[in-house]
Amino acid sequence: MTDLRTELGEAVAAAFAAEGVDPKLARVTASDRPDLADFQSNGALAAAKALKQNPRELAAKVAARLEDDARLASVEVAGPGFINLKVADAALAARTAEVAGDAAHAGAAGVEAPRKVVIDYAGPNVAKPMHVGHLRSSIIGETVPGRFRSRGAALGGAAQLGEWVDQRGGLIGAGADEGRADAFMAEGDGPFPTASPVTLEDLERLYPAAAARAKEDADFRDRARKATAELQAGRPGYRALWKHFVAVSRTALEREFGALGVTFDLWNGESDADPLMPEMIAHLETSGLLVEDAGARVVHVARPGETRKKKLADGSVIEAPSPPPLLVISSEGSAMYGTTDLATILDRRKSLDPDLILYVVDERQAEHFEQVFRAAIMAGINGKARMEHLGFGTMNGPDGKPFKTRAGGVLKLHDLITMAKDKARERLHEAKLGEDLPADEFEDIAHKVAVAALKFADLSNSRTTSYIFDLDRFMSFEGKTGPYLLYQAVRIKSLLRKAADQGAEPGPIAIGEPAERDLALTLDAFSQAAAEAYDKRMPHVVAEHAYRLAQSFSKFYAACPVLGAPDAAGRGSRLALAKATLDQLVIALDLLGIDTPERM
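Residues numbered from 1 in each chain as written. Predicted model: local features only at pLDDT ≥ 70, side-chain atom pairs only at ≥ 80, totals over all residues. Heavy atoms only, no water.

*Asks:* Is there a simple way to think about the overall build of the protein chain in this case?
*Replies:* If you tally the helices and strands in the protein chain, you get 20 helices and 16 strands. Across the 600 residues in the protein chain, those meeting the buried criterion constitute 51%. For the protein chain, long-range pairs separated by at least 24 residues make up 74% of all intrachain contacts whose partners lie at least 6 apart in sequence. Total accessible area on the protein chain stands at roughly 26700 Å², and carbon and sulfur atoms take up 51% of it. (Helix = DSSP H or I, 4+ residues; strand = E, 2+ residues; numbered from the N terminus. Buried < 20%, exposed > 50% of the residue type's maximum accessible area, 1.4 Å probe, protein only. Contact = heavy atoms within 4.5 Å. Areas by Shrake-Rupley, 256 points an atom, 1.4 Å probe, with all protein chains shown as cover.)

*Asks:* What am I meant to see in the packing of helix 13 (residues 413-430) against helix 14 (residues 439-459) here?
*Replies:* The interhelical angle for the contact between helix 13 and helix 14, taken along N-to-C directions, is 115°, at an axis separation of 8 Å. The orientation of helix 13 with respect to helix 14, classified from their angle, is roughly perpendicular. The crossing of helix 13 and helix 14 is right-handed. Where helix 13 abuts helix 14, its residues Ala420, Lys421, Ala424, Arg425, Leu428 and His429 lie against Phe442, Glu443, Ile445, Ala446, His447, Val449, Ala450 and Leu454. Here the residues of the contact of helix 13 with helix 14 sort into 9 nonpolar, 2 polar and 3 charged. (Axes fitted to C-alpha atoms, helices over the stretch in contact; angles between N-to-C directions. Parallel < 35°, antiparallel > 145°, perpendicular 65-115°, else oblique. Left-handed = near helix turned anticlockwise from the far one by under 90°. Nonpolar A, V, L, I, M, F, W, Y, C, P; charged D, E, K, R; others polar.)

*Asks:* What am I meant to see in the sheet that holds strand 9 (residues 296-299) here?
*Replies:* Spatial ordering of the open sheet is given by 8-9-12, a layout of 3 strands whose pairing is antiparallel. Edge positions in the open sheet fall to strand 8 (290-293) and strand 12 (326-329), since each of these has one partner strand only. Going from strand to strand, the sheet's axes swing by 45° on average, the running direction of each strand aside. For strand 9 and strand 12, the ladder comprises 3 bridges, and the chain directions are antiparallel. Residue pairing across strands places Val298 opposite Leu327, the latter belonging to strand 12. Strands strand 8, strand 9 and strand 12 of the sheet are contacted by helix 10 (residues 277-286), whose axis makes an angle of about 85° with strand 8. (Pairing = 2+ DSSP bridges.)

*Asks:* When you look at the pattern of salt bridges in this model, what are you seeing that I'm missing?
*Replies:* For side chains of opposite charge, pairing can occur when their charged atoms come near one another. Evaluated as defined, the whole model comprises 47 salt bridges. The residue Asp353 makes a salt bridge to Lys384 at a minimum N-O spacing of 3.4 Å. Placement of Asp353 in the loop between helix 11 (337-351) and strand 13 (356-360) and of Lys384 in the loop between helix 12 (366-379) and strand 14 (386-390) is noted, with a sequence separation of 31 residues between them. You can call Asp353 partly exposed: its relative accessible area is 33%. Of the charged contacts, one joins Asp472 and Lys423 as a salt bridge, the two residues approaching to 2.8 Å between their closest N and O atoms. (Salt bridge = Lys/Arg side-chain N within 4 Å of Asp/Glu carboxyl O.)

*Asks:* It is not clear to me how the packing of aromatic side chains should be interpreted in this structure. Could you clarify?
*Replies:* One pair of aromatic rings is described through two measures. These are the centre distance and the angle between the planes. Throughout the structure, instances matching the rule amount to 12 aromatic pairs. Plain terms: the ring middles of Phe257 and Phe264 are 4.9 Å apart, the flat faces sit at 80° to each other, and that makes the pair edge-to-face. Accessibility expressed as a relative area gives 1% for Phe257, which makes it buried. With 5.8 Å between their ring centres and 45° between their planes, Phe369 and Phe373 make a pair best called tilted. (Phe/Tyr/Trp six-rings, centres within 6.5 Å; stacked < 30°, edge-to-face > 60°.)

*Asks:* For this particular structure, what's the right way to read the pairing of strand 5 (residues 116-122)?
*Replies:* Along any regular strand, the residues point their side chains to alternate faces of the sheet. The buried fraction of strand 5 is high, at 6 of 7 residues. By the bridge criterion, 4 bridges tie strand 5 to strand 13 in an arrangement that is parallel. Looking at strand 13, one finds that Val117 is bridged to Leu356.

*Asks:* Please clarify how the sheet that holds strand 3 (residues 72-78) should be interpreted in this entry.
*Replies:* Whenever strands of a sheet pair, they do so through backbone hydrogen bonds, lying parallel or antiparallel. Pairing within the open sheet is antiparallel, and its 4 strands lie in the order 1-2-4-3. Sheet topology places strand 1 (28-30) and strand 3 at the edges, where each strand pairs with a single neighbour. Neighbour-to-neighbour, the strand axes of the sheet open up by a mean angle of 25°, direction not taken into account. Here strand 2 (residues 39-41) runs beside strand 4 (residues 82-87); their pairing, made up of 3 bridges, is antiparallel.

*Asks:* For this particular structure, what's the right way to read the environment of Pro508?
*Replies:* Note that Pro508 resides in the loop between helix 16 (482-501) and helix 17 (514-524). Sequence separation of Pro508 and Ala93 is 415 residues, and the distance between their C-alpha atoms is 8.8 Å.

*Asks:* In this structure, what is going on with empty space enclosed by the protein? I would like to understand it.
*Replies:* To locate leftover empty space, one rolls a probe as large as a water molecule over the atoms. Under the counting rule described, the total for this entry stands at 1 cavity of 30 Å³ or more. Here the largest cavity is characterised by a volume of approximately 30 Å³. At the level of elements, helix 4 (89-101) and helix 20 (568-591) are the ones that each hand at least two residues to the lining of the largest cavity. Among the elements that make up the lining of the largest cavity, the one with the highest residue count is helix 20 (3 residues). (1 Å grid on protein atoms, 1.4 Å probe; cavity = no way out; pocket = protein on both sides within 12 Å on 5 of 7 lines; lining within 4 Å. Points joined across faces, edges and corners; volume = space filled by probe spheres on them.)

*Asks:* What is the right way to look at the nonpolar core in this model?
*Replies:* Proteins that are soluble and globular tend to have nonpolar side chains buried together. The biggest cluster of nonpolar side chains holds 129 residues, and the ones touching the most others in it are Phe16, Leu66, Leu85 and Val449. Core analysis: the second largest hydrophobic core is formed by 29 residues, Leu284, Ala343, Tyr359 and Phe369 among them. (Core = buried A, V, L, I, M, F, W, Y, C linked by side-chain atoms within 4.5 Å.)

*Asks:* Sorry, what's going on with unusual backbone geometry here?
*Replies:* For residues that are not glycine, phi is negative in most cases, and the peptide bond is trans in most cases. Between Gly190 and the following residue, Pro191, the backbone shows a cis peptide bond with an omega angle of 15°. Despite not being glycine, Ala294 shows a phi value in the positive range, around 55°. Along the chain, Ala294 turns up in the loop between strand 8 and strand 9. On the accessibility criterion, Ala294 (78% relative accessible area) is exposed. Within the chain, Lys432 stands out as a residue other than glycine whose phi angle is a positive 55°. Mapped onto the fold, Lys432 is located in the loop between helix 13 and helix 14. Residue Lys432 is classed as exposed on the basis of its relative accessible area of 64%.

Shown next as structure tokens:
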């Protein structure tokens, strides 16, 4: 199934080629002046300059070759050589019928060669509550598997739990000091208790306490480092205790992710890659990549002679290697983040053999992933897999800095979701929406509205930019918001139910009115939006399309009576347009991880 822009682009390219012009210049885009044309091609300007011809004359020759194309109502040359294309009503109706008949993808084309893809978009730490800093990776990352699956990709999303750092040893030490882990402190293979010695509340208290103590108490810090090294080395009691920590933490993580509608195909911890550590480190050694550096062991990933400017504390600027070496083994003998990232890449290559691995992680981690990717490629650990870091900006408060609570602390993700649900209930009551529904259905709607507000506010921004958190604005049922889109979807569902009650059904699509044309062209544009979001890894393109679609339908609904159409054929056509809009809007929102309620 091909969208009109692609089809017309091929036709214009053929006309350019017939005039001896490079068809690559025949790019067709949506018109800058929709009052004059649906699409345009500006290629004649560049081609005429290269061929030393008059651009308007060249454009006229190309336009003459397109005049008999039945898909076009008109082909006109404007200005210095723009080619304006207006689609015939019949062609537009036929394309809209194709979109309406494509229940699975609403007109969005797939790819010729699907790939195996792993998307890593969650790195919460064991024993540490998720906070607002985890929101963007979860929301953005959740959109990627859907977009890739819609384009034919296999596999999907992965959560990678943070485990192997010194705070974990501190947690073991803190639990031992409270007498909660005595049974796990013994040497030997156990057996060890099967019941967890801690609750989630215990972990949430012990984690910050241990971190603070490690900063002030050198003896405790050394114990923590030693415990981390022994944990990584496989001490049975520590491993058994740590499994309890992970199980208790995962319960909380699944609660928070579940509240956002975020799911994973793969749940892994850094410890899952641990069995591959010896093999990987031995390979780095035999490859001559792992070298000593001030008691630690690193991989130099900068290319020979590659430098960057680095600003020192005194303000002076020096030339430094770019990027710096990847730390693999610390001076205490512990594996580091980069080590487990490399081992995880090796694990995924062996178990999944993916074509592509995507990491949806804060832009501030760009250098780390550059180091890891370079080391993986140098060592051949990644196999055929291409690796990409999809960095993103921060969610900021009114002061432009990363969002904090009023007291200046980091807001827990659970508390943020609760805030959003409270605001959703408030807004629903203000708008007198859903008040006559059963309490459990109202609560479900409030939850969907809250999640839609959070997700759309994030995803309507370019992934690489930061944005200001404003819950009042995000939760509005007017303007460019998630709740507005849900309301429009529910509005169409209500229209279709009312039509069914009257015995009216969708029928063959006919295009005639300007608002019908605008809606049909917007429906056609979904394929391009989905492709661009896929190619550029930019979910905001789908968010923009969803908003434009809702606006186009609103204008159509105001200008073209549906149930009050002049005749049965017109009513059936407009119902079909409404149904096609609903299906595409629901699919677009689903790609953004947003569920649509049946009513409000």
